[in-house]
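Structural description and commentary
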Amino acid sequence: MKPLKLSMTAFGPYKDKEVIDFTQLHEHGIFVVSGSTGAGKTTIFDAITFALYDAGSGEDRDKSLFLRSDFADITVDTEVELEFEVRGRIYRIWRKFGHDGDRAKREFYDITGGQIIPAVEKFQVKLVQAKVEELIGLTQSQFNQIVMLPQGEFQKLLTSESKHKEEIFRKIFKTERFTKMVELLRDKKKQAEKLYEHAQMQQDHTIQEIKSRLPERESALFAAINYDAINMYQIKQGLIEEQGFYEQQSTELSQQYEQVKGLATKLNIQFSEQKLINERIERFMQRQTELSCLQQQQNEMAIQEERLLLAQKAHQIEPLERELSKLKSQLQSATTAVEKAKLESEQAKQQLITATQAYENVQKDEVLLETYTKNISQLEQIIPIYETIDIQRNHVEQLKAQQCKAQTLYDNLQGELVELKLQQQNQQNVVTELEQAVAQYEQTFEAHATAARNVELVKETAKLQMNIELLKADALSKEQQATKAEQALHEVEQQIRSNQAAFLAASLHNGDACPVCGSTEHPAIHNSEMLHVDDTQIEQLRQHSDAARQSYYQVQSKLEIEQQTNTEKHNQIQRQQLQLEALAQYEEQLQTLATHLADLRVKQQQLTTERTQLEQFNEKREVIQGRLEKGQAYVQEIQTQLAQEKGKLEQSELSLLPQFTTVAEVQIALSNQLQQHQSLKNELKRAFDALQQAQLQQNSSEVNQLHAVNHLSDKQHEHELAHIAFATALQNEHFSLESYQQALLAEQAQHEIRQMLEAYKQQLHTLTAQITEDQEQLEGKQLADLTELQQQITTLNNEQDERYATMKQTESYVTQCITTLQKLEQSADQIESYKVKLQQMEQVYDLVRGQNDAKISFERFAQIGYLEKVTHAANERLRILSNGQYFLKSTGRKEGNAQSGLSIDVYDSNTGQTRDVKTLSGGEKFNASLSLALGMADVIQSVQGSVHIDTMFIDEGFGTLDEEALRRAIDILIDLQQTGRLIGIISHVAELKAAMPAILQVKKLKEGHSTTEIIVK
């Protein structure tokens, strides 16, 4: 990545838009950024980092909110735009972070070849960030460590302890995947522990279940179960013995069960045979009773049979009776129809007479139709004349209304203009007063900003002192806890060794060789008591000890950082001649300035509002004056049109008829004539239609009367024939009318009697045959009492059930013994398998997380490889910068009890000794740190082949070098520049500025904000 152009607006000390065109450097790829303290040199680096990663260039400048300019107007947004080149393509990225409720925004385009193409699908934070990292090949942490070397931070990699280097290398080389591997192994180990414990619990549960599955008795099995220490061999042997015991018992119970079962079967057969005989005898006696009842019903059945015969004869005559009844009803209807036809004929004759008289009366007024037609024609001819005159009248009235409205509007505008002139003068006075009030805003703003920085500095220093005291107390407490935890762990480990010695001592006998030293004499055998030590307890104590010591190191590290920061803050306070005790006075001054500044801001905002209001008054006045001129011309035009239309109307009204004044009166008269004409025509038509309808009605009634008389005659003849046929049928079947009606039965009733008779005959025949058959089969047999036999069977069945249940229970005990033996075998195999896996996982987990002799984790091991590559690359330049005196070495020296391996020492070829890099002087540390940063860049480019580091910015540090060391450092940077890199250096050193071919000059103006200028020598 190589920057081409940087634009900053309301960013840091840059009030307005500030543009830095790096292309003005031409072929000069190295330049120095120069300017007074606080002018905004580092802010340029912040702007580049903010444009790319939405953050500042250092840990204390990371939050974008701190980069908002205090000099910029509240209406101006903070924006940064960067054009840069990556692998031959040019990109432009723009960012704005919101303030006063506005949301942050961003844009990212590929502008290669003059085309503007979005670099991402949507300008979302994650998409833009991912695209930047993809193009540059570096994360923000990597960028700040090897490209943008922030002020006071790039020496941390050199002098920090291993745990701090580990964090730096984790961000740069992304070794956090190894940490995730440790977490994965820890989860695997816990899973193996759970499986092992579960298998043991399952085995214990299986053993304890024996008591609930088998009846307890005096045997080897239950003696082994109830013993304090469980012996699996004794448990298994006891189960085998129990199995044999219950198998023998089951065989004996099975034989007893078969004997009882045979006797019960014999009695059940005897009982069933006698019970069948008893049931047949009882059924024979019941049938005899039923036959006697049927014989008593013979007379009743004969009566029902006679009734059914008469009903069948009556059923044959019933159709003739229904036909006679039907014809009788039709005869009555025909008689009624004849009487109705006579009445309707008389009514039709009377209606014809009335209609004839009405038609003759209406015919007398038919001559009036011609008169109405003439009047209608005359009225229709004069209507258009009256309509034209009414239109002229309406037009005149509209012009009068328009004249009145226009004159009213004109008068209102004149009054509004007078009032507006007065408001405009008052507004001008308000604007003048506010302009005088806000004249001192800039001066007050600068004083307030200075006071705010002083108060913040004093507060931070005081807070740092409090934090240091708390951290000292916390560090002392953490150290005591760590010491206590290590002592507890040491005691447990000592007990383990004591237990091991006691175990060996128990197996030693005179003359036997010691498994440790091989001696056959044992003058001092260990006799201490063995105490049980749980492996889980040891692991917990070890973890607790490690955690306590790690916690102490973290607090101690924080304390050292806070103390260093406190020293820097105190130096800054002394340079600015401030006092911690005067914080209340500084805050009071700040509050006074803030109140005054807030009032000025309110007035400034009010001034903007009032100016806008004044401009609106001016615009409104111009608009009203234009409307007045147009209104006066419009009033004159309306008056001219009104005079012309009045003359035309007076001329047209001379042609009106005296009886009609308006077109409405003519239209009413025409409507009346039309209604009278139409009413007369309708009356004539209704009278004629009524006469025709009366004539038709009379003819129809006469025809209907003739048809009714003929129909009545036919029905009388049919009724007589039906009556004769019915009487003949009754006589033939020897029925009187009364006996016929009594014999009639419905078909359903006949069907029921018929079924009853058939069922009676069938039942009588069946019972007679069954009784005859039973008499032959039951001859010589009698009823027997089965109560005693039933009791014997019940007793045997109960005994049989009890023996069967006991036998099955015994068989289940055999099955339980076999199943339990199988479960114990499976549990033993699982426990052994899980134990082996758990031991393997514990060994791998401890090795990877650093619980080994070297105290190096797998992640730290990988980082050591990267560190060796970095130091090797760094020594190529440090050899030149130190004139061959110093070489960096990656050593594995211990750093207390914590994990180590990332320590950096320096080899002094003058003394032949290796020492800590912290013993180097300030200039020597700068050279070593610069070499380390350049070596880091080389290694990253080699590890990540797609990364090309074309730019490097260095903030301060050259002031610690002597003339010779400075010359060598410049030579190193020039050599880098000649490889195509752009190198920018922030420095106050005059020799460095003189040696650079180009200068980016940052000038702080008297108003407090800054500007930039590129000077090419």
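Predicted model, so just to flag it, every value in this text is computed and none were measured. (Residues numbered from 1 in each chain as written. Predicted model: local features only at pLDDT ≥ 70, side-chain atom pairs only at ≥ 80, totals over all residues. Heavy atoms only, no water.)

A look at the pattern of salt bridges
Stated formally: By definition, a salt bridge exists where a carboxyl oxygen of Asp or Glu is found within 4 Å of a side-chain nitrogen of Lys or Arg. Only DSSP runs of H or I reaching four residues or more are called helices, and only runs of E reaching two or more are called strands; each is numbered from the N terminus. In this scheme, a residue with accessible area under 20% of its type's maximum is buried, one over 50% is exposed, and one in between is partly exposed, where area comes from a 1.4 Å probe on protein chains only.
Applying the stated criterion across every chain, the model contains 17 salt bridges. With a closest N to O distance of 3.9 Å, E134 and K131 form a salt bridge. In this pair, E134 and K131 are both assigned in helix α2 (residues 125-136), three residues apart and thus about one turn of the helix distant. Salt-bridge contacts for D908 lead to R915; the nearest nitrogen and oxygen are separated by 3.5 Å. Judged by its relative accessible area of 25%, R915 is partly exposed.

What about the UniProt feature "coiled-coil region" (unreviewed entry) in the protein chain?
The cut-off we apply is this: UniProt positions are given in the numbering used here, feature names are shortened, and annotations may be inferred rather than shown by experiment.
Mapped onto this numbering, the UniProt entry gives "coiled-coil region" (unreviewed entry) at residues 294-365, 410-444, 468-502, 583-697 and 746-777. A distance of 102 Å separates the end C-alpha atoms of residues 294-365, which is 93% helix and 0% strand. The annotated region residues 746-777 carries 97% helix and 0% strand content, and the separation between its end C-alpha atoms amounts to 47 Å.

Examining the packing of aromatic side chains
Rule in force here: Classification of ring pairs uses Phe, Tyr and Trp, with its six-membered ring standing for Trp, and accepts pairs whose centres are within 6.5 Å; under 30 degrees between planes counts as stacked, over 60 as edge-to-face, and the remaining range as tilted. Two conditions define a charge sitting above a ring: the NZ of Lys or the CZ of Arg must be within 6 Å of the ring centre, and it must be within 35 degrees of the ring normal.
In the structure shown here, the tally under the stated rule is ten aromatic pairs. Summarising the aromatic geometry, the rings of F245 and Y246 are spaced 5.0 Å apart at their centres and angled 75° between planes, so their arrangement reads as edge-to-face. Overall, F245 belongs to the partly exposed group, its relative accessible area being 32%. Chaining the aromatic ring pairs together yields one cluster made of F84, Y91 and F108. Over the aromatic face of F245 sits the side chain of R217, whose NZ or CZ is 3.9 Å from the ring centroid.

Here we look at helix α8 (residues 232-295)
Here is the rule we go by: Take the residue count of a helix, subtract one, and multiply by 1.5 Å to get its expected span. Side-chain atoms alone can form a polar contact between residues adjacent in sequence; in general such a contact is a pair of N or O atoms within 3.5 Å, and within protein one must be able to donate a hydrogen while the other accepts it.
Taking 1.5 Å of rise per residue, 64 residues should cover 94 Å, and α8 covers 90 Å from first to last C-alpha, within 8% of that figure. By the N-cap criterion, in which a side-chain oxygen at the helix start approaches the backbone nitrogen of a residue two or three places on, α8 is capped by N231, the distance to Y233 being 3.0 Å.

Some words on the sheet that holds strand β6 (residues 105-110)
Worth spelling out the cut-off: Here, any two strands with at least 2 DSSP bridges between them count as paired.
What the six strands build is an open sheet, ordered β2-β1-β4-β5-β6-β7; its pairing is antiparallel. Both outer strands of the open sheet, β2 (18-21) and β7 (117-118), are each paired with one neighbouring strand and no more. Sheet topology places β6 next to β7; two bridges connect them, and they run antiparallel. Across the sheet, Y109 pairs through a bridge with P118, a residue of β7.

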